[in-house]
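# Inside the fold
Okay, here's what each chain looks like letter by letter:
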Amino acid sequence: MAIKVLLVDDLLLDVALTRRALEDCEVAHRIVVAADGEEGYRLVGEMSFDLLLLDIKMPRVDGFELMQRLRERAAGHLPVIVLSGSGRSGTCTRRSTMANSGMP
């Protein structure tokens, strides 16, 4: 049975690279792509996913806001892997604060 993955990322190159990396996995999977957090939030409400692969820096609704919205919606059971090319300390600090507050 294939795992259903929601990939939320606004950069087409990053989406393509992530897809390619997942192709090397031995586990069958189905990827649904959302271009930003707003679309990702809508899709989580419409479909069931086994895993969320999430970029942090996106237009409209960023990854941090999406995680917060999902937490408020009680969709916190969804495992999240954050994918980000941002090495800025503000991103790391914000992520650490969310983790310490019980955010997945």
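Here, the structure is the one placed above.
Below you will find a few notes about this structure.

### Describing the sheet that holds strand β4 (residues 80-83)
The 4 strands are arranged β2-β1-β3-β4 in an open sheet whose pairing can be described as parallel. Looking along the sheet, the strands with just one partner apiece sit at the ends: β2 (29-34) and β4. Adjacent strand axes in the sheet meet at a mean angle of 20°, parallel and antiparallel pairs treated alike. Relative to β4, strand β3 (residues 51-55) is paired through 4 bridges, and the arrangement is parallel. Along β4, the bridge assignment pairs L54 with V82. With respect to the sheet, helix α1 (residues 12-23) is in contact with β1 (3-8), β2, β3 and β4, its orientation differing from that of β2 by roughly 170°. Relative to β3, helix α3 (residues 63-72) is tilted by about 145°, and along the sheet it contacts β1, β3 and β4.

### Things to note about the pairing of β2
For β1 and β2, the ladder comprises 6 bridges, and the chain directions are parallel. Directly across from V8, in β2, lies its bridge partner A34. Handedness of the crossover joining β1 and β2 through α1 is recorded here as right-handed.

### Digging into the environment of V44
With respect to the element layout, V44 can be found in helix α2 (residues 37-46). Looking at V44, the relative accessible area reads 14%, which means it is buried. Between the alpha carbons of V44 and L78 there is a distance of 9.4 Å; along the sequence they are 34 residues apart.

### Focus on the nonpolar core
Counting residues in each nonpolar core, the largest one holds 17 residues, and the members touching the most others are L6, V8, F49, L52 and L54. Counting residues per element, this core draws most heavily on α3, which supplies 4 residues. Apart from residues no more than four positions distant in its own chain, L52 is found in contact with L6, V8, L70, L78, P79, V80 and I81. Ranked by size, the runner-up nonpolar core spans 7 residues in total, among them L7, V15, L22 and L53.

So, how was this worked out
- Residues numbered from 1 in each chain as written.
- Predicted model: local features only at pLDDT ≥ 70, side-chain atom pairs only at ≥ 80, totals over all residues.
- Heavy atoms only, no water.
- Pairing = 2+ DSSP bridges.
- Helix = DSSP H or I, 4+ residues; strand = E, 2+ residues; numbered from the N terminus.
- Axes fitted to C-alpha atoms, helices over the stretch in contact; angles between N-to-C directions.
- Contact = heavy atoms within 4.5 Å.
- Right-handed = clockwise from strand over helix to strand, strands pointing away.
- Buried < 20%, exposed > 50% of the residue type's maximum accessible area, 1.4 Å probe, protein only.
- Core = buried A, V, L, I, M, F, W, Y, C linked by side-chain atoms within 4.5 Å.

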